[in-house]
Amino acid sequence: MKIEKDRKGQELTLTLSGRLDTTTAPTLEQELQQSWNDISTLILELKELDYISSAGLRVILTAQKHMLKQGSMKLRNLSDNVREVFEMTGFADIMTIE
Amino acid sequence: MITVRHLSKKFGETCVLKDVNAEINKGEVISIIGPSGTGKSTFLRCLNLLERPSSGEILINGVSLLSPETDIHLLRRKMGMVFQSFNLFSHLMVVENLMLGPVQLLKLSRQEAYDRSMKLLETVGLTARAYAFPGELSGGQKQRVAIARALAMEPEIILFDEPTSALDPTMVSEVLAVIRKLKEQGLTMMIVTHEMDFARDVSTRIFYMDEGIIFEDGPPEQIFEHPKREKTRAFIHKISLFRFTAESKTLDIYRFNAELEDFCIRHLLNRKQIHNLQLLCEEVLVNLLFPLTEKVELSIGCTDDNRETEITFEYAGQTGNPLENPKPDQELSCKIVQHLAPECNFSTEAGSSRLRFVLKDNNSKVSS
Ligand SMILES: Nc1ncnc2c1ncn2[C@@H]1O[C@H](COP(=O)(O)OP(=O)(O)O)[C@@H](O)[C@H]1O
Ligand SMILES: [Mg+2]
């Protein structure tokens, strides 16, 4: 998995590509913990993410919980595979997806 | 009626039949299925001594086929044989082909042999072709003649070796219909066949042959619906298998995914199927099973039309069903798994546990 960061003021966009699975989820978790403290909007750009497992969902859920306290989080451009996993787990209903 | 004990057959160094044991009763219809080259034909040929067994015993109504005192010709006459290639005499008319055995071996008069032959031609629906030569018949008709010829010897059992394999597909059913009719008349038959649907509905019992033995023996319902052994299952489902040993301490998900993808591509599974397989395996292994065990044997098989993929996880130790009563951190995994594979089966016996899923894909095309 590759993570690209783009910070504009209070808004942080992380563009994820590749696979967010049990081996790569910790990397995203670390990245988030390093950068989520002084932002109000977190955007996860997922167009290039073609795989997500529950390990990745857990990290995203943690991020959502964190961001709700200080602003908001949005997910963008889910690929078909990823969207389907969001739907089957009910994540699609609790996340802001654009 | 026929008892086979510890039958073995070697060709030079190669041991084709290792230890075949069977009991065939009057009125039974036994289909023999199994991969090519496992010795199905050799087994039939040993039964009527077209091949001499290397060791073992064959008893016919209590009389040993292999003992020197036995009148082999008499015993052999009790067994008709129908081959893939029809082996008719091309210079003789159909009815003459049928009369030959009864006249020469059973010493019937020509009239008796003729009457019997015409009656049998009626049974196989070929009265009208009695005076034709084999060359004028279709493949299906030739095979029906070959069956009538076997019947003309009034055998107690008929052995069929792939009776429809050489036929044009349009002619298979007429031959199978004749065999069905013979079953209704109570004839004992053993049939080596690749026609699974036929084997399933005509047989009283199925022998699945593999590894030089009758690997599994049971009623069609068992063999086709609940085979007891993995190899039988794999054969029935025409499954090609992918195997992987996953250990919690050393599992390399990249390698696993790469190998799985390789297998899937070779078997023409589509991207969606590959994705779903990888997701299912990751969730089950990492989140549901590794908390219970360190080592899991995984096997994945796909049917030849690629519509169904079956995934089996096996591990030592008897546990409860990992999908029941999940811990809070396993709920997500359970949801994913149950969504991907609504069909799931858990069993535990003899010190090990097994979790099996079927992934269905209704979009995949039959690969051509
Ligand atoms: N007469 C023979 N001499 C040497 N090898 C043979 C002979 N007949 C069969 N075999 C070998 O025995 C094996 C089983 O053959 P066969 O009984 O025809 O299998 P099946 O009918 O199950 O396809 C094959 O490997 C075949 O090559
Ligand atoms: Mg054969």
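How each quantity is defined
Residues numbered from 1 in each chain as written. Chains lettered and ligands numbered in written order. Predicted model: local features only at pLDDT ≥ 70, side-chain atom pairs only at ≥ 80, totals over all residues. Heavy atoms only, no water. Near = heavy atom within 4 Å. Polar contact = N/O pair within 3.5 Å; in protein donor to acceptor, adjacent residues only side chain to side chain. Areas by Shrake-Rupley, 256 points an atom, 1.4 Å probe, with all protein chains shown as cover. Helix = DSSP H or I, 4+ residues; strand = E, 2+ residues; numbered from the N terminus. Contact = heavy atoms within 4.5 Å. Pairing = 2+ DSSP bridges. Axes fitted to C-alpha atoms, helices over the stretch in contact; angles between N-to-C directions.

Draft legend 1. Local environment of the site of ligand 1. Residue and element names in this part refer to chain B. Near ligand 1 the following residues occur: Phe11, Val16, Pro35, Ser36, Gly37, Thr38, Gly39, Lys40, Ser41 and Thr42. Taking Gly39, its main chain carries an N or O atom lying 3.0 Å from an oxygen atom of ligand 1. Between an oxygen atom of ligand 1 and a side-chain N or O atom of Thr42, the distance comes to 2.5 Å. Burial of ligand 1 by the surrounding chains reaches 56%, relative to a free accessible area of 560 Å². Top element by residues in the shell around ligand 1 is helix α1 (residues 40-47). It accounts for three residues.

Draft legend 2. Focus on the environment of B:Val172. Residue and element names in this part refer to chain B. With respect to the helices, strands and loops of the structure, Val172 is situated in helix α6 (residues 169-184). Taking C-alpha positions, Val172 is 6.7 Å from Gly140, a pair spaced 32 residues apart along the chain. Discounting residues that sit within four places of it in the chain, Val172 has contacts with Thr164, Leu167 and Glu195.

Draft legend 3. Geometry of the sheet that holds strand β5 (residues 63-64) of chain B. Residues and elements named next belong to chain B. In space, the four strands of this open sheet follow the order β2-β1-β4-β5, with antiparallel pairing throughout. Each having just a single partner strand, β2 (14-24) and β5 make up the two edges of the open sheet. One ladder, built from five bridges, connects strand β1 (residues 2-11) with strand β4 (residues 55-60); its direction is antiparallel. Across the sheet, the residue bridging to Ser8 is Ser55, located in β4. Across the sheet, α1 is in contact with β1, β2 and β4; its angle to β1 comes to roughly 120°.

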